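Here is what each chain is made of, one letter per residue.
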Amino acid sequence: MAAYLQWRRFVFFDKELVKEPLGNDGAAPGSAPTSGPTASKFLCLPPGITVCDSGRGSLVFGDMEGQIWFLPRSLQLTGFQAYKLRVTHLYQLKQHNILASVGEDEEGINPLVKIWNLEKRDGGNPLCTRIFPAIPGTEPTVVSCLTVHENLNFMAIGFTDGSVTLNKGDITRDRHSKTQILHKGNYPVTGLAFRQTGKTTHLFVVTTENVQSYIVSGKDYPRVELDTHGCGLRCSALSDPSQDLQFIVAGNECVYLYQPDERGPCFAFEGHKLIAHWFRGYLVIVSRDQKVSPKSEFTSRLSQSSDKQILNIYDLCNKFIAYSAVFEDVVDVLAEWGSLYVLTRDGRVHALQEKDTQTKLEMLFKKNLFEMAINLAKSQHLDSDGLAQIFMQYGDHLYSKGNHDGAVQQYIRTIGKLEPSYVIRKFLDAQRIHNLTAYLQTLHRQSLANADHTTLLLNCYTKLKDSSKLEEFIKTKSESEVHFDVETAIKVLRQAGYYSHALYLAENHAHHEWYLKIQLEDIKNYQEALRYIGKLPFEQAESNMKRYGKILMHHIPEQMTQLLKGLCTNYRPSLEGRGDWEASGCRANSEEFIPIFANNPRELKAFLEHMSEVQPDSPQGIYDTLLELQLQNWAHEKDPQVKEKLHVEAISLLKSGRFCDVFDKALVLCQMHDFQDGVLYLYEQGKLYQQIMHYHMQHEQYRQVIAVCERHGEQDPSLWEQALSYFARKEEDCKEYVAAVLKHIENKNLMPPLLVVQTLAHNSTATLSVIRDYLVQKLQKQSQQIAQDELQVRRYREETTRIRQEIQELKASPKIFQKTKCSICNSALELPSVHFLCGHSFHQHCFESYSESDADCPTCLPENRKVMDMIRAQEQKRDLHDQFQHQLKCSNDSFSVIADYFGRGVFNKLTLLTDPPTSRLTASLESGLQRDLLMHSRRGT
């Protein structure tokens, strides 16, 4: 017994005698067996109990009188007469309310098997659905064991002669069941058990000398010899799924577990086994110390001495004895209502109630058996919170004993349930940094760490100077494997001086800003920082260039300028280690990077010139800054040749046409740097001819004044007037320039002669000879014009007199129509015909075909329409004073403009206000005359 004595013993069950309830009504169904102060005396079973079983909420007993007794949870014992002599075997199904029994009705007669339906009644007793003989042949033998499959399709009976019969089919009916001999042997059969695996049904058969299994769900019933060791009666059982439904055989030397095709583990539980039973994961064994051959079980089982027997309850998974007690003459052990019931020969029933899990754990905690408590909790399927509590207590115990390594392993198992600060505080106080490191590592692996935990772990690494662990922690293969806050890790590593590790994290996890900060502020590796920016996608490269551009320009201006050129034209990330994954054609706004070159004018000039050449559509700020830079260089340059070159570049830039929309800005830049050629060019482009004239006048450049007038006088005639006034005010001799100006004024008739004379009168050096030719030519032209005007007036008067006479004749004298031909078809005129006062005559059908209206002559209509349109236009333009002023100002002959508007009636309103009443009549006659001139073509009657 040395093996199982090494197992720890506990009292995980409470033992008490079952007592009868007070009164005859019993306890309510479903209540616990009464054993408290309400009980009157101990429950005593009828004498002569020979066989027991349990199931379906009752304990079932069979006695020597042939009666079967039922003890339900209410503890009200009932029974009925099942056999005339005795009951030898019972089997209560767990899933059906069916009871199978074996007993004798007559001495020496083949025992009978009866199947009882406990749900149906026959005269107050359960209904017996089937009766058949237990022994299939004529050979006398004794039934040793009985088992029934829960599907009611198999029933096996074992005999002392070594044979086993199998009833296949519905065991509750004779017609649907078939009995056959499954097994024959030389040793008594001591145990049977069915095991269902999927669709396969196995039958375990154990004798006093061997163990075998049969497949009874198929044909031919193949047999497997499992072992050459057997057991006594009632010393075999089938475990539950926690032990994989293994068949348990309790031999005197060991307890063996079997699968249908092989033997499993064995346990060295010594002692003569009397009963083996399986209960809720426990193996229950009743044994005695005397080593008696199991074969004696069949000699005189009832004549056994009343030696004390030991009941042990084994936990095979956790390897401890959950309960151990001594009983006298145990009849059987039954399991029902969640408890074990031990029946003794004196008719008493002992209840073994398992303690709750928490109570068992507390018992283990008191003995500091934490490992066993953990295993027990797992086997009892305790929830994760309960397990975490055990791990915490175990860790606290180990910590108090100074086993910090073991304690941290237990605390690691509480991750996710126990607040990490509870553990961290312990190991910070103990200065056990390597233990704290292990805990924090696991916390990160389970993705339960926050930024503070990451900071603490990295500080532990740095204090331990454990670079290998640090690298293992940060160098993960993919983003999904990162169990910490990367930004926090970078900060801690940077602060601790682990720049290479911080750079690795920043680069691999795309924290570009941190990478550049470390390179530029800590390591001062400007080349590497610029190379890294060149690998970034466009948007990130642009933002980082704006952020760190000034630092890089200060230290590596040439490389920085080169990268900026690429970023602002056709940016592509560097192919180094990244592949060409950025689409071409991305470019930044070059104007936004100009402030970076604040202290690098040479690089700025190169950048601006590159942008203007490669990208003509660059922002206007590029050209403005380039012009300002060129003018600044031109103004400060001392070398004449270089200055001339800069002068040409500046003029060329101004002539590029990029300053049309920012004319004022370019003009201000040229004036600030006294770039006169640029100023004059911009004046000319802006049509500021007055400013050009003023500039040359200030510098007394007479020829340029005349040249400006000749070049731009057509656009602005007042330039000649200003030139004449300018030269007139000069006291020096300017006769040549005055003569040139007067010649142009005369040709274009820009000024009245009197105004010319008044202008030149201010010059004390000017003489009459200067304007003599001008005045003579002017007077001659005016004389010629007067003669032409008088001739025109005479012609108009004659025409007016003729028209008036014609109108008078039409009003006072009859009109004779003497036309003989149609004016349209030119054929002889025939009646009906149409005649007009204008003298035209038409056939009526020709007139109706060609005329547009009945009142107008088709021949005269086009001319009359022109006249009417002219009159209508004059009336509409009568109030266009702005147009009148403009024409009067710009016309060479102002009098003709006034006469034209006078004819349109522009001044009629003025005439109405100032002229006497007789003038009104005159105006009325004039308007009537105009109407008569148009109406003379109206058709006559």
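Residues numbered from 1 in each chain as written. Predicted model: local features only at pLDDT ≥ 70, side-chain atom pairs only at ≥ 80, totals over all residues. Heavy atoms only, no water.

(A) Local environment of the overall build of the protein. Counting secondary structure elements, the protein contains 32 helices and 33 strands. Buried positions account for 45% of the 941 residues belonging to the protein. Excluding contacts between residues fewer than 6 apart, the proportion of contacts in the protein whose partners are at least 24 apart in sequence is 48%. Accessible surface for the protein amounts to roughly 49,700 Å². Of this, 50% is attributable to carbon and sulfur atoms. (Helix = DSSP H or I, 4+ residues; strand = E, 2+ residues; numbered from the N terminus. Buried < 20%, exposed > 50% of the residue type's maximum accessible area, 1.4 Å probe, protein only. Contact = heavy atoms within 4.5 Å. Areas by Shrake-Rupley, 256 points an atom, 1.4 Å probe, with all protein chains shown as cover.)

(B) Just helix α21 (residues 689-698), in detail. Burial in α21 covers these residues: Tyr689, Ile692, Met693, Tyr695, His696 and Met697. Once α21 finishes, Glu700 follows within two positions and takes phi at roughly 50°, a positive value.

(C) Broad picture of unusual backbone geometry. Positive phi, close to 50°, is recorded for Tyr221, a residue that is not glycine. Along the chain, the position of Tyr221 falls in the loop between β19 (211-215) and β20 (223-227). One non-glycine residue, Trp337, adopts positive backbone phi at about 55°. Here Trp337 is to be found in the loop between β29 (330-336) and β30 (339-344).

(D) Seen up close, the pairing of strand β9 (residues 86-92). Counting buried positions over the 7 residues of β9 gives 5, a clear majority of the element. In terms of strand pairing, β9 meets strand β10 (residues 98-104) through 6 bridges, oriented antiparallel. Bridging from a neighbouring strand, Gln92 pairs with Leu99 of β10. Following β9, the chain reverses through 5 residues before pairing antiparallel with β10. (Pairing = 2+ DSSP bridges.)

(E) Spatial organisation of the packing of aromatic side chains. As enumerated under the stated definition, the model contains 28 aromatic pairs in all. Here Phe10 and Phe12 contribute two aromatic rings whose centre-to-centre distance is 5.1 Å and whose plane-to-plane angle is 5°, an arrangement assigned as stacked. Each member of the pair Phe10 and Phe12 is classed as buried. Each ring, one from Phe597 and one from Phe607, has its centre 5.1 Å from the other, and the planes form 20°; the classification is stacked. Taken as a pair, Phe597 in the loop between α15 (557-569) and α16 (601-614) and Phe607 in helix α16 lie far apart in primary sequence, 10 residues in all. (Phe/Tyr/Trp six-rings, centres within 6.5 Å; stacked < 30°, edge-to-face > 60°.)

(F) Structural detail: the packing of helix α17 (residues 620-636) against helix α19 (residues 663-672). In the contact formed by α17 and α19, the axes pass within 10 Å of each other and the chain directions differ by 10°. For the element pair α17 / α19, the angle class is roughly parallel. As α17 runs across α19, the sense of the crossing is right-handed. For the pair formed by α17 and α19, the contact residues are Asp624, Leu627, Glu628 and Leu631 on the first element and Lys665, Ala666, Leu669 and Cys670 on the second. For the contact of α17 with α19, the residue count by class is 5 nonpolar, no polar and 3 charged. (Axes fitted to C-alpha atoms, helices over the stretch in contact; angles between N-to-C directions. Parallel < 35°, antiparallel > 145°, perpendicular 65-115°, else oblique. Left-handed = near helix turned anticlockwise from the far one by under 90°. Nonpolar A, V, L, I, M, F, W, Y, C, P; charged D, E, K, R; others polar.)

(G) Examining helix α3 (residues 370-379) more closely. Among all positions in α3, only Phe370, Met372, Ala373, Ile374, Leu376 and Ala377 are buried. Of the surrounding secondary structure, the elements contacted by the buried residues of α3 are β1 (8-9), β27 (308-315), β28 (320-328), α2 (357-366), α4 (384-400) and α5 (404-412). Directly after α3, the chain includes His381, whose backbone phi takes a positive value near 55°.

(H) Up close: the pattern of salt bridges. The final tally for this structure, using the stated rule, is 23 salt bridges. The closest approach of N and O atoms between Asp396 and Lys426, which form a salt bridge, is 3.9 Å. In this pair, Asp396 is assigned in helix α4 and Lys426 in helix α6 (residues 420-429), connecting sequence segments 30 residues apart. Bridged by salt links that share partners, the residues Arg86, Glu104 and Glu107 form one connected network. (Salt bridge = Lys/Arg side-chain N within 4 Å of Asp/Glu carboxyl O.)

(I) Highlighting the environment of Thr138. Inspection of the secondary structure assignment puts Thr138 in the loop between β12 (125-133) and β13 (143-148). Put simply, Thr138 and Asn110 are 28 residues apart on the chain and 8.6 Å apart in space, counted from C-alpha to C-alpha.

(J) Expanded view of the packing of helix α13 (residues 526-535) against α15. For the pair α13 and α15, the least separation of the axes is 11 Å and the interaxial angle reads 5°. What the angle tells us is that α13 and α15 run roughly parallel. Of the residues in α15, those touching α13 at Gln527, Leu530, Ile533 and Gly534 are Gln559, Met560 and Leu563. For the contact of α13 with α15, the residue count by class is 4 nonpolar, 3 polar and no charged.

(K) Main features of the pairing of strand β8 (residues 78-81). When strand β7 (residues 67-72) meets β8, the two strands line up antiparallel, connected through 4 bridges. Paired with Ile68 across the bridge in β8 is Phe80. A loop of 5 residues connects β7 with β8, the two strands running antiparallel in sequence, and Leu75 in this loop sits at a positive phi of about 65°.

(L) Representation of the nonpolar core. By size, the foremost hydrophobic cluster in this structure holds 146 residues, and its most contacted members are Leu311, Ile313, Tyr439 and Leu654. Per element, the largest residue contribution to this core is 7 residues, and it comes from α17. Both of domain 1 (49-291 + 306-355) and domain 2 (687-782) provide at least three residues apiece to this core. Sequence-distant contacts of Ile313, defined by excluding residues within four places in its chain, comprise Phe13, Tyr282, Leu283, Val284, Phe320, Ile321, Ala322, Tyr323, Leu340 and Leu352. Formed by 26 residues, the second largest nonpolar core is a distinct cluster that contains Ala193, Val206, Val211 and Trp278. (Core = buried A, V, L, I, M, F, W, Y, C linked by side-chain atoms within 4.5 Å. Domains from an automatic or database assignment.)

(M) The arrangement of the sheet that holds β13 in detail. Spatially, β13-β14-β15-β16 is the arrangement adopted by the 4 strands of the open sheet, whose pairing is antiparallel. What marks the edges here is a single partner per strand, and that holds for β13 and β16 (177-183). The mean angle between the axes of side-by-side strands here comes to 20°, regardless of whether they run parallel or antiparallel. In terms of strand pairing, strand β15 (residues 164-169) meets β16 through 6 bridges, oriented antiparallel. Following the sheet pairing, Val164 is matched in β16 by His183.

(N) The arrangement of the sheet that holds β27 in detail. Pairing within the open sheet is mixed, and its 5 strands lie in the order β1-β28-β27-β26-β25. The open sheet terminates on both sides in strands that have one partner only, identified here as β1 and β25 (272-279). Taken together, the 7 bridges between β25 and strand β26 (residues 282-288) define a ladder with antiparallel strand orientation. Residue pairing in the sheet places Ala276 in a bridge with Ile285 of β26.

(O) Structural detail: the UniProt feature "domain: RING-type" (unreviewed entry) in the protein. Per the UniProt record, "domain: RING-type" (unreviewed entry) is annotated on residues 822-860. The span residues 822-860 shows a helical share of 18% and a strand share of 15%, and its end C-alpha atoms are spaced 14 Å apart. (UniProt positions renumbered as here; feature names shortened; annotations may be inferred.)

(P) The side chain of His397, seen in detail. Within the secondary structure, His397 is located in helix α4. Residues within four places of His397 in sequence aside, it is in contact with Asn368 and Phe370.

(Q) Main features of the environment of Met611. Tracing the sequence through the fold places Met611 in helix α16. In this structure the C-alpha to C-alpha distance between Met611 and Gly566, which are 45 residues apart in sequence, comes to 9.9 Å.

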